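Given next are the chains, with one letter for each unit.
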Amino acid sequence: MVVLSKPTIEQYSYIRNCLNPTLYSEVPLIDLSKPDSDHLIVKACEDFGCFKVINHGISMDSIANLESKAVRFFSLPLSQKEKAGPSSPLAYGNKSIGPNGDIGWVEYLLFTANLNSCSQTFLSVFGENPEQFRSVFNDYISAVRKMACKILELMADGLKLQPRNSFSRLLMDEQSDSVFRLNHYPPCPELQALKGANMIGFGEHTDPQIISVLRSNNTSGLQISLRDGNWISVPPDQNSFFINVGDSLQVMTNGRFQSVRHRVLANSLKSRVSMIYFGGPPLSEKIAPLPSLVKGEKILYKEFTWFDYKKSAYNLRLADNRLENFRELQPRNVT
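Computed from a prediction, not measured in an experiment: that's the story for all the values here. (Residues numbered from 1 in each chain as written. Predicted model: local features only at pLDDT ≥ 70, side-chain atom pairs only at ≥ 80, totals over all residues. Heavy atoms only, no water.)

Colleague: Which residues make up the overall build of the protein, and what values go with them?
Modeller: Helices and strands together make up the secondary structure of the protein, namely 8 helices and 17 strands. By the burial criterion, 54% of the 335 residues in the protein qualify as buried. Surface exposure of the protein reaches about 15400 Å², of which carbon and sulfur atoms provide 50%. (Helix = DSSP H or I, 4+ residues; strand = E, 2+ residues; numbered from the N terminus. Buried < 20%, exposed > 50% of the residue type's maximum accessible area, 1.4 Å probe, protein only. Areas by Shrake-Rupley, 256 points an atom, 1.4 Å probe, with all protein chains shown as cover.)

Colleague: Please set out the packing of aromatic side chains residue by residue, giving values where relevant.
Modeller: What the rule picks out here adds up to 11 aromatic pairs. On the numbers, 5.3 Å between centres and 75° between planes, the contact of F73 with F74 is edge-to-face. Take F73 and F74: they sit in the same class, and that class is buried. Ring pairing ties together the aromatic residues F111, F133, F137, Y140 and F180, which thus form one cluster. Sitting over the ring of Y108, R181 keeps its end group 4.0 Å from the ring centre. (Phe/Tyr/Trp six-rings, centres within 6.5 Å; stacked < 30°, edge-to-face > 60°. Lys NZ or Arg CZ within 6 Å of the ring centre and 35° of its normal.)

Colleague: Can you tell me about unusual backbone geometry, naming the residues and giving the values?
Modeller: Look at the link from Q162 to P163: it is a cis peptide, with omega at 0°. Residue placement: P163 occurs in the loop between α5 (130-158) and α6 (168-172). Non-glycine residue K95 carries a positive phi angle of around 75°. Looking at the secondary structure, you find K95 in strand β4 (residues 91-97).

Colleague: So what's going on with the pairing of β4? Which residues, and what values?
Modeller: For β4, the tally of buried residues reaches 5 of 7 residues, placing the bulk of the element in the interior. Where β4 lies against strand β5 (residues 102-112), 6 bridges are found, and the strand directions are antiparallel. Across the sheet, G93 pairs through a bridge with Y108, a residue of β5. Between β4 and β5, which follow one another and run antiparallel, lie 4 residues, and G98 among them has a positive phi close to 80°. (Pairing = 2+ DSSP bridges.)

Next comes the structure, spelled out in structure tokens:
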């Protein structure tokens, strides 16, 4: 059993009576095989900033293979896991999330979506055959990237955007700055004694990239913030992928799509493992509202490079509004 250091009020963040644990909301569930999926995706991005997809084309074998290797890794002794190296930021991390003081009841692996750039030392922590893990990982990433690009192209269709690859080309670019994260939230039995309290596994935040593709095991914990500020739980689901709008996509659509604020609560009895692909643009890519989406409207955001935004985002706390520094102080009309 994996054990993190014992939680205390001083160490970790708690939420008291945050919601009724039976309160769930019907996050849009979209069948990618249906002809109206493009319009449904656009509506979900406008109303929620997230949605679930089925008939996604990713085999359960590919999912199960990587998930089993993640579970095996997180079951290792701490001394063995730490051989993956300190998180700066690509490697193993435990409780500390980023460099600015955020902590949670979580351990994780964060690395580039291109494992060819990862060292043999890093890969060796997954077992005796690093190349086997590389193969399983690459198969999964290839499938998830393909699905993410399909979703982004359906978004473009729904927005009547040309060219159709206006979003997806950024993920397909060889210089795409995409990353992959494995999160493990161990059981936290101490929560049973804290009636009415929920401990934060991963604090509230938005994702800075273009799109996030999340898959988790059958354990609850994920919550999203609705437009009215209320938090609702997303039921665990083994058949779908959970898709988030990222900050960069919010800017490119001039705020028509909004990145969803989300968090994870610790579970008192069950372990939660999640796998997230964050689709990002090349570091030099200029991010700005797309001209065809702002005709007759005010431009809400300044142009910036992904490098500049990434640097700014990672200098802030998780819950900070990262886009605030990039808003136009005096939005200008476009005719």
